[in-house]
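# Breakdown of the fold
These are the residues of each chain, in order.
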Amino acid sequence: QVQLVESGGGLVQTGDSLRRSCAASGRTVRTYAMAWFRQAPGKERDAVAAISWSGGATYYADSVKGRFTISRDRAKNTVYLQMNSLKPEDTAAYYCAARLSGGLGYIPSEYAYWGQGTQVTVSS
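Residues numbered from 1 in each chain as written. Predicted model: local features only at pLDDT ≥ 70, side-chain atom pairs only at ≥ 80, totals over all residues. Heavy atoms only, no water.

This part takes up the sheet that holds strand β1 (residues 3-7). Two pairing modes exist for strands in a sheet, parallel and antiparallel, and in both the strands are linked by backbone hydrogen bonds. In spatial order, the strands read β1-β3-β8-β7; together these four strands make up an open sheet with antiparallel pairing. Only two strands of the sheet have a single neighbouring strand rather than two, namely β1 and β7 (68-73). Taking each pair of neighbouring strands and ignoring which way they run, the sheet shows an average axis angle of 15°. Where strand β3 (residues 18-25) meets strand β8 (residues 78-83), six bridges bridge the pair, whose relative direction is antiparallel. (Pairing = 2+ DSSP bridges. Helix = DSSP H or I, 4+ residues; strand = E, 2+ residues; numbered from the N terminus. Axes fitted to C-alpha atoms, helices over the stretch in contact; angles between N-to-C directions.)

Listed below in structure tokens is the structure:
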């Protein structure tokens, strides 16, 4: 079993930056792909960014390319999401997820473990 604990959310202004962290415990996730999803009220949960087990492959949603960066520290069992140039449309609950596979996954059903979710609100 894997527990994912997120930190780093909150209320920011347009143009600000946030760094999200997701620490895994209970079982190593070093061989798992990891991802960040987000869900706004009334909308589906969508992948924002994903990273392969080695960190050698990454995926970004078009809406965040060039602004968000996903990274991982395998020794610390932690994945990060650096969010720059935040916009009001980035407002959502953000979730960290771990996949029981090393390759990238793009939809929620491909991920077995989830963090508790943390709200990010970007004011205009």
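To continue, consider empty space enclosed by the protein. If you walk through the whole model with that rule in mind, you get one cavity of 30 Å³ or more. Space inside the largest cavity adds up to approximately 40 Å³. If you trace the largest cavity, you find it lined by V29, R30, M34, R72, D73, R74, N77, T78 and V79. Elements with a contribution of two residues or more to the lining of the largest cavity: β7 and β8. (1 Å grid on protein atoms, 1.4 Å probe; cavity = no way out; pocket = protein on both sides within 12 Å on 5 of 7 lines; lining within 4 Å. Points joined across faces, edges and corners; volume = space filled by probe spheres on them.)

The subject of this paragraph is the state of the cysteines. Tallied over the full model, the rule gives one disulfide. A disulfide bridge connects C22 with C96, and the sulfur atoms are separated by 2.0 Å. Because the torsion about its S-S bond is -80°, the bridge between C22 and C96 counts as left-handed. With a gap of 74 residues between them, C22 in strand β3 and C96 in strand β9 (residues 92-98) connect regions that are remote in the sequence. Accessibility expressed as a relative area gives 0% for C96, which makes it buried. (Disulfide = S-S within 2.5 Å. Buried < 20%, exposed > 50% of the residue type's maximum accessible area, 1.4 Å probe, protein only.)

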